[in-house]
Amino acid sequence: DTGVSQNPRHKITKRGQNVTFRCDPISEHNRLYWYRQTLGQGPEFLTYFQNEAQLEKSRLLSDRFSAERPKGSFSTLEIQRTEQGDSAMYLCASSSEGYEQYFGPGTRLTVT
Amino acid sequence: RKEVEQDPGPFNVPEGATVAFNCTYSNSASQSFFWYRQDCRKEPKLLMSVYSSGNEDGRFTAQLNRASQYISLLIRDSKLSDSATYLCVVNKGNDMRFGAGTRLTVKP
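First things first, this report covers the structure right here in the doc. Source: prediction; values computed, not measured. All residue numbers here refer to positions counted from 1 along the written sequence of the relevant chain. By the order in which they are written, chains take letters starting at A while ligands take numbers starting at 1. In view of the model being predicted, local features appear only for residues whose pLDDT reaches at least 70, and side-chain atom pairs are presented and counted only at 80 or more, with totals across whole chains, interfaces and linings using the full set of residues. Processing note: side-chain calculations cover all non-hydrogen atoms of the structure and skip hydrogens and water entirely.

**Considering the interface of chain B and chain A**
Quoted interface sizes are often the accessible area lost when the parts come together.
Turning to step 1, where the next piece is worked out: Contacts between the two partners involve 16 residues from chain B and, on the opposite side, 18 residues from chain A.
Turning to step 2, where the next piece is worked out: Each of two parts loses accessible area, computed with a 1.4 Å probe, when they are put together; buried area is these two losses added. Surface buried jointly by chain B and chain A totals about 1500 Å² across both partners, of which 51% is contributed by carbon and sulfur atoms.
Turning to step 3, where the next piece is worked out: Summed over the three residues of chain B that lose the most area to chain A, namely Glu 43, Asn 94 and Phe 98 of chain B, the buried surface amounts to 36% of that side.
Turning to step 4, where the next piece is worked out: The term salt bridge refers to a side-chain nitrogen of Lys or Arg lying within 4 Å of a carboxyl oxygen of Asp or Glu. Linking chain B to chain A there are zero salt bridges.
Turning to step 5, where the next piece is worked out: Counted as a polar contact is a pair of N or O atoms within 3.5 Å, where, for protein atoms, one must be capable of donating a hydrogen and the other of accepting one, and residues adjacent in sequence contribute only when both atoms are in side chains. Taken together, the connections running from chain B to chain A amount to three residue pairs in polar contact (both at pLDDT 80 or more).
Turning to step 6, where the next piece is worked out: Under the scheme used here, helices are H or I runs from DSSP no shorter than 4 residues and strands are E runs no shorter than 2 residues, and both carry numbers assigned from the N terminus. Sorting the residues of the side of chain B that touches chain A by element identifies β4 (32-38), β5 (44-50) and β10 (95-98) of chain B as the ones contributing at least two each. We call two residues contacting when some pair of their heavy atoms lies within 4.5 Å.

**Details of the sheet that holds strand β1 (residues 5-7) of chain A**
Residue and element names in this part refer to chain A.
Turning to step 1, where the next piece is worked out: Two strands pair if DSSP finds at least two bridges between them. Spatial strand order, β1-β3-β8-β7: four strands in an open sheet with antiparallel pairing. The two strands at the open ends of the sheet, each matched to only one other strand, are β1 and β7 (65-68). Across the sheet, the axes of successive neighbouring strands diverge by a mean angle of 15°, strand direction being ignored.
Turning to step 2, where the next piece is worked out: Direction of pairing for strand β3 (residues 19-24) relative to strand β8 (residues 75-79): antiparallel, over a ladder of five bridges. What sits directly across from Phe 21, in β8, is Leu 77. Only the contacting stretch of a helix is used when fitting its axis, a line to C-alpha atoms as for every element, and angles between N-to-C directions run 0 to 180 degrees.

**Concerning the nonpolar core**
Turning to step 1, where the next piece is worked out: The set of buried Ala, Val, Leu, Ile, Met, Phe, Trp, Tyr and Cys residues whose side-chain atoms join them within 4.5 Å is what this entry labels a nonpolar core. Exposure classes here rest on a 1.4 Å probe applied to the protein chains alone. A residue is buried below 20% of its type maximum, exposed above 50%, and partly exposed in between. The biggest cluster of nonpolar side chains holds 23 residues, and the ones touching the most others in it are Phe 21, Trp 35, Ile 71, Leu 73, Ile 75, Tyr 86 and Leu 104 of chain B.
Turning to step 2, where the next piece is worked out: Looking at this core, the elements with two or more residues in it are β3 (19-25), β4, β5, β7 (60-65), β8 (70-75), β9 (84-92) and β11 (102-107) of chain B.
Turning to step 3, where the next piece is worked out: Counting 19 residues, the second-largest nonpolar core is a separate cluster that includes Leu 32, Leu 61, Ala 67 and Ile 79 of chain A.

The following block contains the structure:
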């Protein structure tokens with residue numbers, strides 16, 4: 001399968017714990033995006049990488065959130081001190097320059 | 001006002017019907033436009049790009065009106081498998097903005 005992959009697919013954690021999600025983009029894509037989606041809403045942009053550089057961050061991305069793409073390939077999104085409001089689907093997408101974004105299956109986070 | 005607005009629906013139509021979805025956007029500098037389809041508990045998947053001249057892909061037709069900042073999607077001869085949420089997406093540079101989606105259910 002050469003599509004975007006994300007791990008884990010589901011994560012249940014207790015409030016206050018840290019969680020980390022991984023995204024592996026389509027191999028030839030240099031752009032990688034993270035989104036958050038809650039029920040009944042469209043995906044909301046969180047952050048964007050071009051190769052290893054993080055070029056844009058949404059104001060939704062509080063200081064508890066951090067994302068990396070150390071070698072310009074896979075990316076991780078970490079949420080520290082999780083809160084119940086962080087419960088959502090976290091989607092990763094990748095693209096080549098100027099082309100459409102292709103999404104991974106998402107990581108569904110539940111904070112209890 | 002939301003940057004991308006869609007009628008949430010739901011639209012419930014019989015098989016074979018023609019259905020149209022509308023979307024408006026607020027940023028006049030938006031550069032590219034898409035329709036994505038999202039099935040329940042799945043990721044969004046690109047349905048089609050939307051070009052200024054309008055474009056068609058089989059039973060699907062997309063239109064863009066830049067002056068009115070309005071995008072539409074027309075589905076002809078609806079199939080049961082068309083049941084999904086349709087997301088309008090507006091892009092400026094690397095900034096993709098999604099609408100909340102319009103839910104379609106096609107019934108036998």
